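# Remarks on the overall topology
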There are 2 protein chains.
Amino acid sequence: MLGRVRTAVAHSAGLPLRRPGPSLQLADDHAGRAVQSPRESRRRLPWSTGYAEVINAGKSQHNEDQACCEVVVVDRRCSPRCNPVPKECTEEAEGDLCFHYWGLFDGHAGSGAAVMASKLLHLHICDQLRDLVDILQDSSPPPLCLPGIARELPAEQNRAPLAQADAELPSDALPRFHLEKAVSHESLVIGAIENAFKRMDEQIERERMTRLVAGGCCALAVVYLLGKVYVANAGDSRAIIIRNGEIIPMSREFTPETERQRLQFLGFLRPELLGNEFTHLEFPRRIQHKELGKKMLYRDQNMNGWAYKRIEEDDLKFPLIYGEGKKARVMATIGVTRGLGDHDLKVYNSNIHIKPFLSCVPEVRVYDLTQYEHCPDDVLVLGTDGLWDVTNDREVADVVKEVLMDYEPNDPCRYTVAAYELVVRSRGVLKERGWRLPNDKLGSGDDISVFVIPLGGPGNYT
Amino acid sequence: MLGRVRTAVAHSAGLPLRRPGPSLQLADDHAGRAVQSPRESRRRLPWSTGYAEVINAGKSQHNEDQACCEVVVVDRRCSPRCNPVPKECTEEAEGDLCFHYWGLFDGHAGSGAAVMASKLLHLHICDQLRDLVDILQDSSPPPLCLPGIARELPAEQNRAPLAQADAELPSDALPRFHLEKAVSHESLVIGAIENAFKRMDEQIERERMTRLVAGGCCALAVVYLLGKVYVANAGDSRAIIIRNGEIIPMSREFTPETERQRLQFLGFLRPELLGNEFTHLEFPRRIQHKELGKKMLYRDQNMNGWAYKRIEEDDLKFPLIYGEGKKARVMATIGVTRGLGDHDLKVYNSNIHIKPFLSCVPEVRVYDLTQYEHCPDDVLVLGTDGLWDVTNDREVADVVKEVLMDYEPNDPCRYTVAAYELVVRSRGVLKERGWRLPNDKLGSGDDISVFVIPLGGPGNYT
């Protein structure tokens, strides 16, 4: 058992809308592109979270964005002896942990990985937290070492022998034979989320054949646990906090450009992964055979600047990283460098695997909700690249502010309207020359999914 | 010929003081630790730069910090046919480039690498810039491709055929068969500095036997060229700008802690470099054999957080990265992860080389001097870790402010006094219980070297 969901309120992009029938047809209408949003109160999400989505303008049959919003109960890991899952693990017990969770998954080359991750990632997070239930709720520093076989011991007895000895001595009188590094509770949660992403990716790898899981997905997951918000990002989705009008970035994007040096370093150390077709060097344009012997600008895995090098035969290979902005690609194939899935992705017409260059590990940023008294207009906005490609941070903050002003601070549907407006304004309006924004620029033809999460906390906005 | 120095004003830490005789004895006096500073006007450094240094409290025979301050003329690279160095290259010609340069080198395991780098790094930078003399002084974008054999062509003719064709067409009418990345002048200078560090490191490797170059060194180099200040750092020295009282960090430190993931990634991909003695995993303390089978906190090359893992035989090896803060070490040996030299450095009593884990590549940050009107109190401060270990950024800014207030804004010796004060206050005063600061904390027993560079620019403060 991976984990247990207390309130399965919403699951997968507007899942209640995704059932077969008229709603599904509406959601999959590439021509009309009606924005879907759970407006009615019976569909209200935890924390009065606002959510909206729209399908792409035709690039794929289904919406490849998926979303999930849950409240998850973490119970202690039981002794291995009581497998299969014993009764006492299936009911919420005193001292169990509970976390709020929001996930956005932007699929590519199919929606399979995104659908699977939207259904399971929070359960993997839950599973990784199961060893930590007592430790996280105990104010003393986490034990560095645990007994090998988990038993139902009180937290104090779960300490390593050395840590126990330490506790009996005043710290400055302590003869420290071993240097010890202090590890915070927060870093245990970060480690749990990081490993959950890895386990999720491994599960996709294992089950992709039997479950017919196609493609891969970017994953942006938010966990609220014990007063802190953990934002974990692997891909090109983005999270920002808008607090008193100020924008606080809560993620960064992982693309061939932002991860160039990591990928070049790998290509340099493991040239066999480049399959004799690619060079780990970057050049500002393709080199022609007739240019052999001339000098071309390049940069390697160590450089941020550019320099000239004499062109050799090997430099005629295609660069591992090529292109700029949204057109930048790894091995001329994929435009994001972190996410889940993609285990079968190969360079077109070749046997060169791309997965070794992709990472499933998120960057986790932490925001302490207790360090600031939030007003009802302070929100965390999550969006797939469909939103951010056409609407920048400041514009998003302005739309949110404009919408929230029109509603009473205690009206729980205001965040849903904000999400809806963000999607509508990024999609634009269908004109003769495609989907257009009010300024006549192209709107986003991509799938767009947005969460607007009020930061008042579960006490204020349940 | 690597390069040419127009005004060899100062070279190596207070080199004029380092000649044999009474001054040398003064500079090498570990007991008295007199602070050395070129106060007299005949020794004034370019840009009225302030400089001061003091030797360590006895940890090495000589001062292992070295410094250099120069004005360097870059002349065009000549055709290979006119080797050896022809006459026209030895005199400054019209259109030659000129850069100001400051370097700090903090040696370890001997002063050899630091001395050699202090004498040569600026000449390597000069050499790397020689291809760029015309390009950097031409306002049009740098050519992506150059002819293979450098000839004395006017800059316009130095363009690649494609770029030439482009220039004849209005840019929006241009059929772009090739995607082309724009490369800025600034990024060419960054690339030149990065490659100069590499060439310097290679030269140390080549000549370390014949020149008896011992140890390695951190390197912090500043280049002022065409209105911009380039700060290149490889190691744990630090540069900050103090502007109108505000602190702008111009470097970051490269240590086993800040570079943990890069080093772990290398150890993971190339386990043979760990010599069967080290594990690429990090643990918060050493594991004892009797703890096999228990669970211990760890993190791998992908993690920022911590998680528990079952202890296996392999985990009993010594961690590649171990220790905290100033005591953190790579392979239990070295506390900095970037710099020059260290080609012979091995793990004690073993045949395991450490150099593969060290990088000689600096991080280069750029500050545009023309974007802000600087007052005489705005300065760039460079210091080795001897300064920063005991005096933080804010304290440094306060000392600088206090000193500068006592001198007329146009008094060129004020920056020297500021550097002197920074060194004195970080060294402290010798008491019975060692060198002490006014607050009775331990002063720095390390070598300390400091530059205080006024940002008024060469026009104001020559």
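Residues numbered from 1 in each chain as written. Chains lettered and ligands numbered in written order. Predicted model: local features only at pLDDT ≥ 70, side-chain atom pairs only at ≥ 80, totals over all residues. Heavy atoms only, no water.

Bringing the overall build of chain A into the picture now. Looking only at helices and strands, chain A has 9 helices and 21 strands in total. The buried share of chain A, reckoned over its 462 residues, is 57%. For chain A, contacts bridging at least 24 residues in sequence account for 71% of all contacts bridging at least 6. Total accessible area on chain A stands at roughly 19,700 Å², and carbon and sulfur atoms take up 51% of it. (Helix = DSSP H or I, 4+ residues; strand = E, 2+ residues; numbered from the N terminus. Buried < 20%, exposed > 50% of the residue type's maximum accessible area, 1.4 Å probe, protein only. Contact = heavy atoms within 4.5 Å. Areas by Shrake-Rupley, 256 points an atom, 1.4 Å probe, with all protein chains shown as cover.)

Glancing now at the pattern of salt bridges. Summed over all chains, the structure comprises 72 salt bridges over all chains. Linking lysine 326 of chain A and aspartate 236 of chain A is a salt bridge whose minimum nitrogen-to-oxygen distance equals 3.7 Å. Of this pair, lysine 326 of chain A sits in the loop between β14 (321–322) and β15 (329–330) while aspartate 236 of chain A sits in the loop between β7 (228–234) and β8 (238–243), and the two are 90 residues apart along the sequence. Overall, aspartate 236 of chain A belongs to the buried group, its relative accessible area being 10%. Taking the shortest distance from any N to any O, the salt bridge between arginine 394 of chain A and aspartate 398 of chain A comes out at 3.7 Å. Linking arginine 394 of chain A with aspartate 398 of chain A, this pair stays in helix α8 (residues 393–405), spanning 4 residues, or about one helical turn. For aspartate 398 of chain A, a relative accessible area of 39% puts it in the partly exposed group. Beyond isolated ion pairs, a larger network of salt bridges with shared partners links Lys181 of chain A together with Glu257, Arg260, Glu282 and Arg299 of chain B. (Salt bridge = Lys/Arg side-chain N within 4 Å of Asp/Glu carboxyl O.)

Now for the interface of chain A and chain B. On the side of chain B, 61 residues touch chain A, which itself brings 61 residues to the contact. The three residues of chain A that bury the most area against chain B are Leu179, Lys181 and Tyr308 of chain A, which together make up 14% of that side's buried surface. In this structure, the connection of chain A to chain B is made through 8 salt bridges. Measuring nitrogen to oxygen at the nearest pair gives 2.8 Å for the salt bridge that ties lysine 181 of chain A to glutamate 282 of chain B. The interface formed by chain A and chain B contains 22 residue pairs in polar contact (both at pLDDT 80 or more). Breaking the side of chain A that touches chain B down by element, the ones donating at least two residues are β5 (145–146), α4 (161–167), α5 (185–207), α6 (260–269), β11 (295–298) and β12 (307–310) of chain A. It is α5 of chain A that provides the largest number of residues to the side of chain A that touches chain B, a total of 8 residues. Per-class residue counts for the side of chain A that touches chain B are 32 nonpolar, 11 polar and 18 charged. Here β11 of chain A pairs with strand β5 (residues 145–146) of chain B via 2 bridges, running antiparallel. Bridge assignment links methionine 296 of chain A to a residue of β5 of chain B, and that residue is cysteine 145 of chain B. (Buried area = accessible area lost by both parts, 1.4 Å probe. Polar contact = N/O pair within 3.5 Å; in protein donor to acceptor, adjacent residues only side chain to side chain. Nonpolar A, V, L, I, M, F, W, Y, C, P; charged D, E, K, R; others polar. Pairing = 2+ DSSP bridges.)

It is worth spelling out the packing of aromatic side chains at this point. Residue and element names in this part refer to chain A. Counted by the stated rule, this structure contains 11 aromatic pairs over all chains. Summarising the aromatic geometry, the rings of phenylalanine 318 and tyrosine 322 are spaced 5.1 Å apart at their centres and angled 70 degrees between planes, so their arrangement reads as edge-to-face. By relative accessible area, phenylalanine 318 is classed as partly exposed at 21%. Relative accessible area serves as the criterion here: at 13%, tyrosine 322 is assigned to the buried category. (Phe/Tyr/Trp six-rings, centres within 6.5 Å; stacked < 30°, edge-to-face > 60°.)

On to the sheet that holds strand β2 (residues 50–54) of chain A, then. Residue and element names in this part refer to chain A. Pairing within the open sheet is antiparallel, and its 5 strands lie in the order β2-β21-β18-β8-β9. Both edges of this open sheet fall to β2 and β9 (246–249), since each of them pairs with a single strand only. Ignoring strand direction, the axes of neighbouring strands in this sheet form an average angle of 20 degrees. In this structure, β8 lies alongside β9, joined through 4 bridges in antiparallel fashion. (Axes fitted to C-alpha atoms, helices over the stretch in contact; angles between N-to-C directions.)

Right, let's get into the relation of the copies chain A and chain B. Superposition of chain A onto chain B requires a rotation of 180 degrees combined with a translation of 0.0 Å along the rotation axis, giving an RMSD of 0.0 Å. Considering both components of the superposition, the chain copies are consistent with a two-fold axis. Measuring from the rotation axis to each C-alpha of chain A, the shortest distance belongs to leucine 269 of chain A, at 3.8 Å. The fraction of interface residues of chain A whose copies in chain B are also interface residues reaches 100%, indicating that both copies meet through the same surface. (Least-squares fit on C-alpha atoms with pLDDT ≥ 70 in both.)

The next point concerns helix α9 (residues 414–427) of chain B. Residues and elements named next belong to chain B. Its 14 residues place the ends of α9 20 Å apart at the C-alpha level, agreeing with the 20 Å of an ideal helix rising 1.5 Å per residue. Burial analysis of α9 places 10 of its 14 residues in the buried class, the great majority of the element. Every buried residue of α9 is listed here: Arg414, Tyr415, Thr416, Val417, Ala418, Ala419, Leu422, Val423, Ser426 and Arg427. Note on α9: the residue one or two positions beyond its end, glycine 428, has a positive phi of about 85 degrees. (Expected span 1.5 Å × (residues − 1).)

The next subject is unusual backbone geometry. Residues and elements named next belong to chain B. Of note, the phi angle at leucine 212 is positive, near 55 degrees, even though the residue is not glycine. In this fold, leucine 212 is placed in the loop between α5 (185–207) and β6 (216–225). In this structure, aspartate 440 is a non-glycine residue whose phi angle is positive, near 75 degrees. The topology assignment puts aspartate 440 in the loop between β20 (434–436) and β21 (448–454).

A few words now on the sheet that holds β11 of chain A. Here 3 strands make up an open sheet; going across it, the order is β12(A)-β11(A)-β5(B) and the pairing antiparallel. On the outer flanks of this sheet lie β12 of chain A together with β5 of chain B, each paired with one strand and no other. Judged from the 4 bridges that link them, β11 of chain A and β12 of chain A form a sheet pairing that is antiparallel. Across the sheet, tyrosine 298 of chain A pairs through a bridge with alanine 307 of chain A, a residue of β12 of chain A.

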